[in-house]
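A structural walkthrough
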Amino acid sequence: MTAAAPPGHPDAFSGWDGSTAAAREMQKQLAGKVVLEDAFGPLRLIAGVDVGFEEGGKITRAAVVLLDAETLEPVAQALARIPTCMPYIPGLLSFRELPAVLQALDSLGQVPDLIFSDGHGIAHPRGLGIAAHLGVITGLPTIGVAKKILTGHHAELGEQRGDQVDLLAKDGRVIGAVLRSKDKVRPLIISPGNRVSLATAPQLVMRYVTRYRLPEPTRLADRLASRRNEKRASTQQTMSFE
């Protein structure tokens, strides 16, 4: 099944024939475009992105929450609901979720300086998890904040807030960090998506961790993405906090 190009991103899946083989090949090609350097300016607006599903997976529900980078006060949020374009296939999550994510970002009306995405950046078998795919397509700085390891191994991790160890690929390359965001809680798997370095990604995550395990941008996006009782008068909704 082929994903339709989201509004405003006509080349997001250009050349993909809908097959898993072609999707994996596209991932390899796009992974070569990831920038693993700190290529972002002052952080004024930061965004969190997360995706949920409704009606037994038939509807993809993407949420984006925009925050003031200094106060962490919500500035705006956007929600997109579209028919799910493909089934879940391990390692190809971005092909399933990005159409809705891009639509929600388009409807936000403002461009974030940095996006925190629920999912992996380069800590992926082909170096292109959803955060990296999103970063390459949009050209925006992105960080992957995942709850489980998709690939790689690591040394023993300490139990205290801020403890971290490198996540290593089979060949020994560092592909991310395993980070304890709160004392004795399950760690987060942090990896850069685009225009953020391996060293800076976990630092930025910790900057925005408050009382909870997740950094505030993805925590709020997760809460919005998982809601089920809102009115469904349209396939897309944008709300402003101004």
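First, a word on scope: everything that follows refers to the structure included in this document. (Residues numbered from 1 in each chain as written. Predicted model: local features only at pLDDT ≥ 70, side-chain atom pairs only at ≥ 80, totals over all residues. Heavy atoms only, no water.)

**Notes on the nonpolar core**
- Counting 39 residues, the largest nonpolar core has Trp16, Val64, Leu66, Phe95, Val101, Ile115 and Leu134 as its most contacted members.
- Mapped onto this core, the elements with two or more residues apiece are α1 (20–31), β1 (45–54), β2 (59–68), β3 (74–83), α2 (93–108) and α3 (130–138).
- Considering every element that reaches this core, the biggest residue donor is α2, with eight residues.
- Discounting residues that sit within four places of it in the chain, isoleucine 115 has contacts with Ala47, Val49, Leu105, Leu134, Leu140, Pro141, Thr142 and Ile143. (Core = buried A, V, L, I, M, F, W, Y, C linked by side-chain atoms within 4.5 Å. Buried < 20%, exposed > 50% of the residue type's maximum accessible area, 1.4 Å probe, protein only. Helix = DSSP H or I, 4+ residues; strand = E, 2+ residues; numbered from the N terminus. Contact = heavy atoms within 4.5 Å.)

**Let's talk about the packing of α2 against α3**
- Closest axis-to-axis distance for the α2/α3 pair is 10 Å, and the angle between their directions is 50 degrees. In terms of orientation, α2 lies oblique with respect to α3. Here the hand of the crossing between α2 and α3 comes out right-handed. For the pair α2 and α3, the contacting residues are Ser94, Phe95, Glu97, Leu98, Val101, Leu102 and Leu105 in the first and Ile130, His133, Leu134, Ile137 and Thr138 in the second. (Axes fitted to C-alpha atoms, helices over the stretch in contact; angles between N-to-C directions. Parallel < 35°, antiparallel > 145°, perpendicular 65-115°, else oblique. Left-handed = near helix turned anticlockwise from the far one by under 90°.)

**What to know about the packing of aromatic side chains**
- Summed over the entire model, instances satisfying the criterion amount to two aromatic pairs.
- Between phenylalanine 116 and tyrosine 208, the aromatic rings sit 5.8 Å apart at their centres with planes inclined by 80 degrees, giving edge-to-face as the arrangement. Remark: tyrosine 208 occurs in the loop between α4 (200–207) and α5 (216–225) and phenylalanine 116 occurs in strand β4 (residues 114–118); sequence separation between them is 92 residues.
- A cation over an aromatic ring shows up here: arginine 96 above the ring of phenylalanine 53, its NZ or CZ 4.1 Å from the ring centre.
- Between arginine 219 and the ring centre of tyrosine 212, over which it is positioned, the NZ or CZ distance is 3.9 Å. (Phe/Tyr/Trp six-rings, centres within 6.5 Å; stacked < 30°, edge-to-face > 60°. Lys NZ or Arg CZ within 6 Å of the ring centre and 35° of its normal.)

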